[in-house]
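Residue-level structure breakdown
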Amino acid sequence: MTATMGARANEPPAALTASRLDAVTITFDDFYHAHFRSVTTQLCAYTGDLGHAQDLTQEAFCRALARWDRLVRYDDPVAWVRRVAWNLARSRWRRLRTARDHLMRQRRVEAEVDGPTPDRVAIDAALAKLPANHRRAVILHYLADLSVNQIALQEGVAEGTVKSWLHRGRTALAGLLDENTEGVSDV
């Protein structure tokens, strides 16, 4: 490999043309500068990501450098670099697809749960508006199926207090839910 300082990046040296590539002994630096941009542009169009296209092209040129003594004798060494770069891009897509498929298989299949019904949303909203003691008494009595005596023991209050909380909680819920309060019964 010969280091050349005169050529600018991504510009072919003045001595190189496509028709004279075979006749001229080309250094790897000249070859790199002559073809890096075109291979990168092709891969960028394929992958949609300039940074990744540059990485793939760089990797392909690194592999070409390791084989440069053999590669320089090929009829079209840039075709070899292009093929390696495209194969690297395809391998990346395959790895991504395999990883995605593996993750999809590993995902736990969770039962699809329906969302709350409008009635449930209205009840939750109404319960949230109740005072804490009334809400606790209503929830413990109707959802946890505790008796008035059990709620009184748990809360450390008299049974009459629990009955009062339940009555006030039911009355408030009926008003909040726009229901007729005639059907509300005492405990």
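Basis of the calculations
- Residues numbered from 1 in each chain as written.
- Predicted model: local features only at pLDDT ≥ 70, side-chain atom pairs only at ≥ 80, totals over all residues.
- Heavy atoms only, no water.
- Helix = DSSP H or I, 4+ residues; strand = E, 2+ residues; numbered from the N terminus.
- Buried < 20%, exposed > 50% of the residue type's maximum accessible area, 1.4 Å probe, protein only.
- Contact = heavy atoms within 4.5 Å.
- Polar contact = N/O pair within 3.5 Å; in protein donor to acceptor, adjacent residues only side chain to side chain.
- Expected span 1.5 Å × (residues − 1).
- Axes fitted to C-alpha atoms, helices over the stretch in contact; angles between N-to-C directions.
- Parallel < 35°, antiparallel > 145°, perpendicular 65-115°, else oblique.
- Left-handed = near helix turned anticlockwise from the far one by under 90°.
- Nonpolar A, V, L, I, M, F, W, Y, C, P; charged D, E, K, R; others polar.
- Salt bridge = Lys/Arg side-chain N within 4 Å of Asp/Glu carboxyl O.
- Phe/Tyr/Trp six-rings, centres within 6.5 Å; stacked < 30°, edge-to-face > 60°.
- Lys NZ or Arg CZ within 6 Å of the ring centre and 35° of its normal.
- Patch = residues over 30% accessible without salt bridge, like charges linked within 9 Å, V, L, I, M, F, W, Y side chains within 5 Å.
- Areas by Shrake-Rupley, 256 points an atom, 1.4 Å probe, with all protein chains shown as cover.

Under an unreviewed UniProt entry, the name given to the protein is SigE family RNA polymerase sigma factor, and the organism recorded is Micromonospora profundi.

**Digging into the overall build of the protein**
Per the secondary structure count, the protein includes 8 helices and 0 strands. Taken over 187 residues, the protein has a buried fraction of 27%. Sequence separation of at least 24 residues holds for 51% of the intrachain contacts in the protein that already meet a minimum separation of 6.

**A word on the side chain of Thr 40**
Along the polypeptide, Thr 40 turns up in helix α1 (residues 28–47). When its relative accessible area of 5% is taken as the criterion, Thr 40 is described as buried. In terms of polar contacts, Thr 40 uses its side chain to reach the backbone carbonyl oxygen of Phe 36, at 2.8 Å. Every residue in contact with Thr 40, bar those within four places of it in the chain, is listed here: Leu 50, Ala 53, Gln 54 and Thr 57.

**A look at helix α2 (residues 50–66)**
End to end, α2 covers 24 Å across 17 residues, agreeing with the expected 24 Å (1.5 Å per residue, within 8%). Of the positions making up α2, those classed as buried are His 52, Ala 53, Leu 56, Thr 57, Ala 60, Phe 61 and Ala 64. Taken together, the buried residues of α2 touch α1, α3 (68–71) and α4 (77–106).

**Observations regarding the packing of helix α6 (residues 132–143) against helix α7 (residues 148–155)**
Two elements in contact, α6 and α7, have axes separated by 10 Å at closest approach and are oriented at 135°. In terms of axis orientation, α6 runs oblique to α7. Viewed along their axes, α6 and α7 form a crossing whose handedness is right-handed. For the pair formed by α6 and α7, the contact residues are Arg 136, Ala 137, Leu 140 and His 141 on the first element and Val 148, Ile 151, Gln 154 and Glu 155 on the second. Here the residues of the contact of α6 with α7 are counted per class, giving 4 nonpolar, 2 polar and 2 charged.

**Considerations on the pattern of salt bridges**
Under the defined criterion, the tally for this structure stands at 4 salt bridges. Among the salt bridges present, the one from Asp 101 reaches Arg 100, with a minimum N-O distance of 3.1 Å. Assessed through its relative accessible area of 48%, Arg 100 is described here as partly exposed.

**Notes on the packing of aromatic side chains**
The full count for this structure, using the stated rule, is 10 aromatic pairs. Ring centres of Phe 28 and Tyr 32 lie 6.4 Å apart, and the angle between their planes is 35°; on these two criteria the pair is classed as tilted. Within this pair, Phe 28 and its partner Tyr 32 are both found in helix α1, separated by 4 residues, close to a single helical turn. When the ring of Tyr 32 is compared with that of Phe 61, the centres are 5.0 Å apart and the planes differ by 75°; the resulting orientation is edge-to-face. You can see Tyr 32 sitting in helix α1 and its partner Phe 61 sitting in helix α2, a full 29 residues away along the chain. In this structure, Tyr 32 and Phe 61 share a single accessibility class: buried. Ring-pair connections join several aromatic residues into one group, and the members of that group are Phe 28, Phe 31, Tyr 32, Phe 36, Phe 61 and Trp 68. Cation over ring: Arg 92 sits above Trp 93, and NZ or CZ is 5.3 Å from the ring centre.

**Section: a nonpolar patch on the surface**
A surface patch of nonpolar side chains, amounting to about 270 Å² of accessible area, comprises Tyr 46, Trp 93 and Leu 96. Tracing the backbone shows Leu 96 in helix α4.

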